[in-house]
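Reading the structure
These are the residues of each chain, in order.
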Amino acid sequence: MFADVIIDQDAKALDKVFEYIIPENIDITIGMRVYVPFSTRILQGFVVNIKDNCNYDNSKVKKIISKVEDFSAIKPEMLKLMQFMANKYHLKLASILRLFLPSEMREGKVKELFENYYYLNKNIDFKINKNAIKQQQLLDYLSEKEKEKSSVLADLFGYSALKSLFEKKYILKEQQKIKRTPFYLSTNTKKVQLNYGQQNALNSIKENRTYLLHGVTGSGKTEVYMNLIENVLKAGKNAIMLVPEISLTPQIMSNFKGRFGELVAVLHSGLSSGEKFDEWKRLFSGEARIAIGARSAIFAPLDNLGIIIVDEEHEQSYISESNPRYDTHDVAEFRAKENNCPLVLGSATPSIDSYEKAKQGTYKLIEMPIRANGKELPKIQIVDMMNEIRMGNSGIFSNQLLAELINVINNKKQAMIFINRRGFSSFMRCRDCGYIAKCSDCDVSLVYHREDNRLKCHYCGKQFKVLDKCPKCGSDKIKYGAVGTEQVVHKLKELFPLVKILRMDNDTTMTKNSHQKILNEFKNSLPAILVGTQMIAKGHDFENVVLVGIVDADQSLYHADYRSTERTFQLITQVAGRAGRSENEGKVILQTYSPKHYVYKFASNYDYKGFFRKEENIRETAQFPPFTKILRILFSDFDENYVRDLLKICYTEIEKLKTKYSDDIIYFDAMKSPIKKIMDKYRYQIMLRYKLKNADNIEKEIFEIVDKTASKSSVFFEVNPQNLS
Ligand code: ADP
Ligand code: ZN
Ligand code: ZN
């Protein structure tokens, strides 16, 4: 017998199937990982097919050496998924397969963990010296408890007592596998009576198709998800639920653990490698039947899926922006189809793409327009910051926001202040000559972090000394850029020295559990103000939050990105949704320099449909997605001449397509990327915009052209890129 093997290496030349002989004495199944000889080396590979005949020269074909482990780590469904992703995104096969396994398993660093347990030897009579008190105590302890961990016994009675009892064979040892399951308190969640909207949603979701669940913030979508999952389990099937990384709060985990206990496994980047490995194994073995996690949990090793849920489906984080680049929506749709089960996309602010699909009937729309607590959504008040300046207030906070903050403090309640920029101020610039401090490896301006008195690059993390003088002209007139979270906290502490003020952003949540600590501290402090980036925008359900302040709403608005208005709408709605979630009424103050922009009119009225119609119209007229597609081909390398040459060759070839598809291609150009260099790699790009009709053919031809000319490792394809930096 022969096996088709994909070598687990990241080289373009190896990106194909290699054939090997399966030795008689090794039992190989499809999906198994194996060791194979490859030129002079021994490499790991994945068996993707088993067959009777071999196409390769029979005198040259080599033998598989051995298995990596005794089971097929890649299930048949995942092999199909690999093919699907390779075709759709033009990715290397090995890079796709790697997504399906915890990286710890591939690198062989993490093994199953065992711990020694001791128990009494019942076949021996004990003779303990009277002075050996610890030994006697240990025996007494074990006679009451059937067995105990060696670490516990050593702690209680000392290592020498343990050792001598073991040497006398009074106690015996056994090894037991330890599960490193991430710990979450399980809250005793009593089942709530579903309201009409929830019941309707639950009843509607039955078929093997995609549903778009459009429910306002606080409408109780989580409860719908839990009921759906419960039904799926009852039917003997399994479930995947995705949430954005930042909504993986202890709160939501506790609720799920409370309802489903050990059947839940969680997968996200905050876990230790051991925890990730063990959670993956619990899913693989069928011990856990619900996978909850961020983007990568869509690859959970569960078969027999009864439902896939993608919460906050509009979230950018569902699209992988680093290699391998893929869109979770596509993968979820593929797996739902393979498993014949419903896919539920939930959001208070669906992406324009998804809502358009619902409008066209591709997705089925389900609406939950009312909050579960029966309360109105918090009122959003727009404050014109130009007007504040005219009135002599050039500070961070408008007078309205200050007044409301004082109100919150006096009533011993809580406020959240949202500012989507971390650090103290966005850049440092010389007032005299205009010099801006930039990262040496990336073409971006450095952000001032006051806390550690450093300039930091938000792309590569490099740190630099703060400038007291301009390095170019020597002037000491340094100007600071736009306000960030640190500065907001700094100002609030000045204004309200006695109030608990907390900050949550990438800088304060770097260590494990810091996220949770900040949220707990906030929860238990009255009054309190939580300042944060979009980390505070999602999922949180704090009953005492009565005020939300959006310091600089325009921040996401003026990006050179067709989705920036959509993002602004989503952010405002999500952040505003944090207020007034219990008996307390909520209020939102939104500060802007462009109060007339249509996005604010619609957002402040929670008019999603109005916003959608306007946005749809603009995109259709201007021929932007979802009515067309954008393809970015990004070339990047340390050698600038090399990338530029590559770009030129590809450009000339692709230009020929422009004539062939003259009706379809709307835009075609080559240029430096907006950020010319990241981590010392130069970046050039070709951008295309084309109609949907021939999109598949155009993409296929472009993939072929680029494949011929470039080595894939320095070229990335992105369809409708999220981020044009
Ligand atoms: P969403 O995810 O739609 O923003 P949540 O699922 O967080 O909303 O629910 C908002 C709040 O409403 C939660 O505190 C939840 O416990 C509560 N809730 C959900 N369903 C009901 C119900 N049927 N009756 C009463 N309260 C509910
Ligand atoms: Zn200067
Ligand atoms: Zn940098």
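Residues numbered from 1 in each chain as written. Chains lettered and ligands numbered in written order. Predicted model: local features only at pLDDT ≥ 70, side-chain atom pairs only at ≥ 80, totals over all residues. Heavy atoms only, no water.

1. Focus: the coordination of the zinc ion (ligand 2)
Distances from the zinc ion (ligand 2) to its protein donors, Cys430 (SG), Cys433 (SG), Cys470 (SG) and Cys473 (SG), fall within 2.2 to 2.4 Å. Between the four donor atoms coordinating the zinc ion (ligand 2), the angles at the centre fall across 105 to 112°, so the site counts as tetrahedral. When the donor residues of the zinc ion (ligand 2) are listed from N- to C-terminus, their spacing reads C-x2-C-x36-C-x2-C. Separated by 40 residues along the polypeptide, Cys430 in strand E18 (residues 428–430) and Cys470 in the loop between strand E21 (463–465) and strand E22 (478–480) bring together distant segments of the chain. Exposure class is identical for Cys430 and Cys470. Each is buried. (Donors = N, O, S within 2.8 Å, 3.2 Å for Na, K, Ca; no water. Tetrahedral: all angles 85-135°; square planar, octahedral: opposite > 155°, others 65-115°. Helix = DSSP H or I, 4+ residues; strand = E, 2+ residues; numbered from the N terminus. Buried < 20%, exposed > 50% of the residue type's maximum accessible area, 1.4 Å probe, protein only.)

2. Comments concerning the coordination of the zinc ion (ligand 3)
Within the protein, Cys439 (SG), Cys442 (SG), Cys457 (SG) and Cys460 (SG) serve as the donor atoms for the zinc ion (ligand 3), at 2.3 to 2.4 Å. For the zinc ion (ligand 3), the donor residues sit on a single chain with the sequence spacing C-x2-C-x14-C-x2-C. With Cys442 in the loop between E18 and strand E19 (447–449) and Cys457 in the loop between strand E20 (454–456) and E21, this residue pair connects regions lying 15 residues apart in the sequence. On the accessibility criterion, Cys442 (1% relative accessible area) is buried.

3. Let's talk about empty space enclosed by the protein
Overall, the coordinates contain three cavities of 30 Å³ or more when judged by the stated rule. As a volume, the largest cavity reaches approximately 70 Å³. Forming the walls of the largest cavity are Phe418, Asn420, Ile550, Asp552, Ala553, Gln555, Ser556, Thr568, Leu571, Ile572 and Val575. Examining the composition of the lining of the largest cavity, we find that four residues originate from one element, helix H17 (residues 564–576), more than from any other. Classifying every residue of the lining of the largest cavity by side-chain character gives six nonpolar, four polar and one charged. (1 Å grid on protein atoms, 1.4 Å probe; cavity = no way out; pocket = protein on both sides within 12 Å on 5 of 7 lines; lining within 4 Å. Points joined across faces, edges and corners; volume = space filled by probe spheres on them. Nonpolar A, V, L, I, M, F, W, Y, C, P; charged D, E, K, R; others polar.)

4. Description of the pairing of strand E27 (residues 628–637)
Counting buried residues in E27 gives nine out of ten residues, a clear majority hidden from the surface. Pairing of E27 with strand E29 (residues 681–691) involves ten bridges; the strand directions are antiparallel. The partner of Ile630 across the bridge, within E29, is Arg689. Alignment of E27 against strand E30 (residues 715–719), held across five bridges, turns out to be antiparallel. Across the sheet, Phe635 pairs through a bridge with Val715, a residue of E30. (Pairing = 2+ DSSP bridges.)

5. Quick word on the pattern of salt bridges
A full pass over the atoms with the stated rule returns 42 salt bridges. The shortest N-O distance in the salt bridge between Glu279 and Arg282 comes to 2.9 Å. A residue pair is termed a helical-turn pair when its members lie 3 or 4 positions apart in one helix, as Glu279 and Arg282 do in helix H10 (residues 273–284) at three residues. When its relative accessible area of 0% is taken as the criterion, Glu279 is described as buried. Look at Arg282 and you get buried, because its relative accessible area is 2%. Measuring nitrogen to oxygen at the nearest pair gives 3.1 Å for the salt bridge that ties Asp441 to Lys462. (Salt bridge = Lys/Arg side-chain N within 4 Å of Asp/Glu carboxyl O.)

6. A closer look at the packing of aromatic side chains
Within this structure, the stated rule accounts for 24 aromatic pairs. Where Phe299 meets Tyr326, the ring centres are 5.3 Å apart and the plane angle is 65°; that geometry is what we call edge-to-face. One end of the pair, Phe299, is in the loop between strand E12 (290–293) and strand E13 (305–310); the other, Tyr326, is in the loop between E13 and helix H11 (328–339), with 27 residues separating them in the sequence. Taking relative accessible area as the criterion, Phe299 reaches 2% and is therefore assigned buried. Taking relative accessible area as the criterion, Tyr326 reaches 5% and is therefore assigned buried. Among the aromatic residues, those joined into a cluster by ring pairs are Tyr355, Phe569, Tyr598, Phe602, Tyr608, Phe611 and Phe612. A cation over a ring is seen here: Lys147 above Tyr117, with NZ or CZ 5.6 Å from the ring centre. Over the face of the ring belonging to Phe716 we find Arg325, whose NZ or CZ atom lies 4.8 Å from the ring centre. (Phe/Tyr/Trp six-rings, centres within 6.5 Å; stacked < 30°, edge-to-face > 60°. Lys NZ or Arg CZ within 6 Å of the ring centre and 35° of its normal.)

7. Focus: the sheet that holds strand E25 (residues 545–550)
If you walk across this open sheet you meet the six strands as E16-E26-E25-E17-E24-E23, and the pairing is parallel. The strands lining the two open edges of the sheet, one partner per strand, are strand E16 (379–384) and strand E23 (500–504). Averaged over all adjacent pairs, the angle separating strand axes in this sheet is 20°, with direction ignored. Along the sheet face, helix H16 (residues 514–523) touches strand E17 (414–418), E23, strand E24 (528–532) and E25 and points at about 155° away from the line of E23. (Axes fitted to C-alpha atoms, helices over the stretch in contact; angles between N-to-C directions. Contact = heavy atoms within 4.5 Å.)

8. Let's talk about the site of ligand 1
Taken together, 15 residues lie around ligand 1, and Gln193, Gln198, Gly218, Thr222 and Asp541 are the ones closest in. Here an oxygen atom of ligand 1 and a side-chain polar atom of Asp541 are 2.7 Å apart. With respect to ligand 1, the side chain of Arg581 contributes an N or O atom lying 3.1 Å from an oxygen atom. In the shell around ligand 1, the residues fall into four nonpolar, eight polar and three charged. (Near = heavy atom within 4 Å. Polar contact = N/O pair within 3.5 Å; in protein donor to acceptor, adjacent residues only side chain to side chain.)

9. Observations concerning the side chain of Glu315
With respect to the secondary-structure elements, Glu315 resides in the loop between E13 and H11. A residue is classified by how much of its surface remains accessible, and Glu315, at 10% relative accessible area, is buried. When sequence neighbours within four positions are dropped, the list of residues in contact with Glu315 reads Pro244 and Lys538.

10. Here we look at unusual backbone geometry
Look at the link from Asn323 to Pro324: it is a cis peptide, with omega at -10°. Tracing the backbone shows Pro324 in the loop between E13 and H11. One non-glycine residue, Lys169, lies in the positive phi region at around 65°. Within the element layout of this structure, Lys169 appears in the loop between helix H6 (159–167) and strand E8 (171–178). Accessibility expressed as a relative area gives 52% for Lys169, which makes it exposed. You will see that Asn720, though not glycine, has its phi angle at about 45°, which is positive. Relative to the helices and strands, Asn720 resides in the segment after E30.

11. With respect to the domain arrangement of the chain
As assigned here, the chain comprises domain 1 (2–73), domain 2 (113–178), domain 3 (196–368), domain 4 (379–425 + 482–619) and domain 5 (628–719). The gap between the C-alpha centroids of domain 3 and domain 5 is 34 Å. (Domains from an automatic or database assignment.)

12. Points about the nonpolar core
Counting residues in each nonpolar core, the largest one holds 87 residues, and the members touching the most others are Met85, Phe100, Phe299, Ile308 and Leu530. Sorting elements by how many residues they give to this core places helix H1 (residues 76–89) first, with seven residues. Of all hydrophobic cores here, the second largest spans 29 residues; its members include Leu213, Ile252, Ile290 and Ile307. (Core = buried A, V, L, I, M, F, W, Y, C linked by side-chain atoms within 4.5 Å.)

13. Looking at a nonpolar patch on the surface
Taken together, the side chains of Met386, Ile389 and Tyr593 present a nonpolar region at the surface, about 280 Å² in accessible area. Relative to the assigned elements, Ile389 resides in helix H13 (residues 385–390). (Patch = residues over 30% accessible without salt bridge, like charges linked within 9 Å, V, L, I, M, F, W, Y side chains within 5 Å. Areas by Shrake-Rupley, 256 points an atom, 1.4 Å probe, with all protein chains shown as cover.)

14. Thoughts on the pairing of E24
Burial runs high along E24: five of the five residues are buried. Sheet topology places E17 next to E24; five bridges connect them, and they run parallel. Looking at E24, one finds that Met416 is bridged to Leu530. Two strands pair when backbone bridges link them, and E23 and E24 are joined in this way by five bridges, in the parallel orientation.

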